[in-house]
Structure formats: structure tokens, C-alpha cells
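Read off the chains here:
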Amino acid sequence: MGEVFDRRLRGLDEKAKSLLGDALRKNSEPALIRSTFDLPAAQRAAIQNALNETFSAEIHVRFETAPDLVSGIELITNGQKVGWSIADYLGR
């Protein structure tokens, strides 16, 4: 799940990357990473690294467990959201 999310972040098109990057920079609060299960430290570090590299900045995040995501993970910040879940994948 963390690897898929990492690839999704790194694969954002330029418009989505710009919108999300602006939202991350303008938000005074840490971005929220919600996942169905508690992420191990290695996955948290990989996601943090992907965010920092993708947006060329030190992105502050807070991790939270959200069982309602149905095997998913999402980043929420300042009105923007990017995520992946089994429900989204099956709904396509």
C-alpha cells in the first residue's frame, strides 16, 4: 500500500503536482497522511522521503489510522487530497 502511494505521488501530472505543492506550502499545519493500518516506521520514512523529493521541500506530516479507508492511504492538506484505496481501484 505504501509503495503504491509512493508511486502515485511521484507520478502526479504537473498540474496536480503544482496544486498539491501550493497547498502543502501554504498550510501552516502538517499535512495529514491517513491509512487503514498503522504504517511501520520504514513505510512512514519512505512516504516522507517521496514527499520531500517530489515537492523539493521538507514537508511536515502527521500520520493517522483511518479504518474507513478500506485498505487505502491518502494525503490531505489545505483542501487538496491525493490517495489510493482498494475501493477506488475497484470502482474504476
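Residues numbered from 1 in each chain as written. Predicted model: local features only at pLDDT ≥ 70, side-chain atom pairs only at ≥ 80, totals over all residues. Heavy atoms only, no water.

A. Region of the structure containing the overall build of the protein. When you go through the protein residue by residue, the secondary structure sums to four helices and four strands. Order of helices (α) and strands (β) in the protein, N terminus to C terminus: α-α-β-α-β-β-β-α. Taken over the C-alpha trace, the protein has a radius of gyration of 12 Å; the compact-globule value for 92 residues is 12 Å, and the two agree within 12%. Here the C-alpha coordinates of the protein stretch approximately 30 × 30 × 20 Å along the principal axes. For the protein, the residues scored as buried account for 39% of the 92 residues in total. (Helix = DSSP H or I, 4+ residues; strand = E, 2+ residues; numbered from the N terminus. Rg over C-alpha atoms; globule rule 2.2 N^0.38 Å. Buried < 20%, exposed > 50% of the residue type's maximum accessible area, 1.4 Å probe, protein only.)

B. Main features of the nonpolar core. Among the nonpolar cores identified, the biggest contains 17 residues, and F5, L9, L20, I33, L51, F55 and L75 are the most heavily contacted of them. Here this core gets four residues from one element, more than from any other, and that element is helix α3 (residues 41–55). (Core = buried A, V, L, I, M, F, W, Y, C linked by side-chain atoms within 4.5 Å.)

C. Spatial organisation of the confidence of the model for the protein. Considering every residue of the protein, the mean pLDDT works out to 86; 91% of them sit at 70 or more. Of all secondary-structure elements in the protein, the lowest mean pLDDT belongs to helix α4 (residues 86–90), at 55, while strand β2 (residues 61–65) reaches the highest, 96. (pLDDT = per-residue confidence, 0-100.)

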